[in-house]
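One-letter residues, chain by chain:
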Amino acid sequence: GDAEKTLGKYQAALSTYEQALAIFQYREDGLEICDVLRKKGYVEALLGQGEQAYKDYQQALTFYRENGNERRIAKTLKRLGELKQDQKEFGEAREHYEQTLALFKKIGDYKGQGKTLEKMGKLALAQKNLTQACSYFRTASDIYRKSGLETSLWRLESLAGCDGEL
């Protein structure tokens, strides 16, 4: 499924994920089931199947929370934020991104923090809040610089009209 997704063959990826899901359900492998549900949800969102994607993300999120897997919780919340942003449900998207950011901070994942802040910046741009967008991009840029992570943030800075501010 991952290779097909990367190649843009989303329907084939979805089919592969559904087959994998059946195998992992038969084996009662909860973690693998949820990882596949999260990946399947992402492809469903790309295919415009937002309602099913939301259900899959929620099911994975419940399992991850029960088992205390904070990194996977954060990744799933990020996907929920993306889904809600695509659906123009900006308040819910922001809530998911804020929860994601808090978890990435808690576990010390600088890359996750930066990427989440970039998403929050894009969300602010979608809401035509340039000041807030630049603030998020600036914070992401600071995190990337301090932690030595490579980034293509300059494209976002130019897009946002933050040139010279970061």
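Just above sits the structure.
Structure report, in brief. The structure presented is a predicted model; accordingly, all values stated were derived computationally and were not measured. (Residues numbered from 1 in each chain as written. Predicted model: local features only at pLDDT ≥ 70, side-chain atom pairs only at ≥ 80, totals over all residues. Heavy atoms only, no water.)

## Looking at the packing of helix α5 (residues 70–86) against helix α7 (residues 110–126)
Stage number 1. As a packed pair, α5 and α7 sit with axes 11 Å apart at the nearest point and diverge in direction by 15 degrees. Taken together, α5 and α7 sit at an angle that is classed as roughly parallel. At the point where α5 passes α7, the crossing takes the left-handed sense. In this structure, α5 contributes Lys78, Glu82 and Gln85 to the contact, and α7 contributes Lys119, Lys122 and Leu123.
Stage number 2. Residue classes in the contact of α5 with α7 are distributed as one nonpolar, one polar and four charged. (Axes fitted to C-alpha atoms, helices over the stretch in contact; angles between N-to-C directions. Helix = DSSP H or I, 4+ residues; strand = E, 2+ residues; numbered from the N terminus. Parallel < 35°, antiparallel > 145°, perpendicular 65-115°, else oblique. Left-handed = near helix turned anticlockwise from the far one by under 90°. Contact = heavy atoms within 4.5 Å. Nonpolar A, V, L, I, M, F, W, Y, C, P; charged D, E, K, R; others polar.)

## A few points about the packing of aromatic side chains
The description of two aromatic rings rests on the distance between their centres and on the angle between their planes.
Stage number 1. Inspection of every chain in the model, using the stated rule, returns one aromatic pair.
Stage number 2. Look at Phe63 and Tyr64: their rings are 6.3 Å apart centre to centre, the planes differ by 70 degrees, and that puts the pair in the edge-to-face class.
Stage number 3. We note Lys84 situated over the ring of Tyr54; from NZ or CZ to the ring centre the distance is 4.5 Å. (Phe/Tyr/Trp six-rings, centres within 6.5 Å; stacked < 30°, edge-to-face > 60°. Lys NZ or Arg CZ within 6 Å of the ring centre and 35° of its normal.)

## Points about unusual backbone geometry
Stage number 1. One non-glycine residue, Glu28, lies in positive phi territory at about 55 degrees.
Stage number 2. With respect to the element layout, Glu28 can be found in the loop between α2 (10–26) and α3 (30–46).
Stage number 3. In the Ramachandran plot, Lys88 falls in the positive-phi region, its phi being about 65 degrees despite a non-glycine side chain.
Stage number 4. Checked against the element boundaries, Lys88 lands in the loop between α5 and α6 (90–107).

## Some thoughts on the packing of helix α4 (residues 50–66) against α5
Helix-helix packing is described using two parameters, namely the angle between the two axes and the distance between the axes.
Stage number 1. Here α4 crosses α5 at 160 degrees, and the two axes come no closer than 9 Å. Here α4 lies roughly antiparallel to α5, going by the angle between them. In this structure, α4 meets α5 at a crossing whose hand is left-handed. The segment α4 lies against α5, with Gly50, Ala53, Tyr54, Tyr57, Gln58, Leu61, Tyr64 and Arg65 engaging Arg72, Ile73, Thr76, Leu77, Arg79, Leu80, Leu83 and Lys84.
Stage number 2. Partitioned by chemical class, the residues of the contact of α4 with α5 number nine nonpolar, three polar and four charged.

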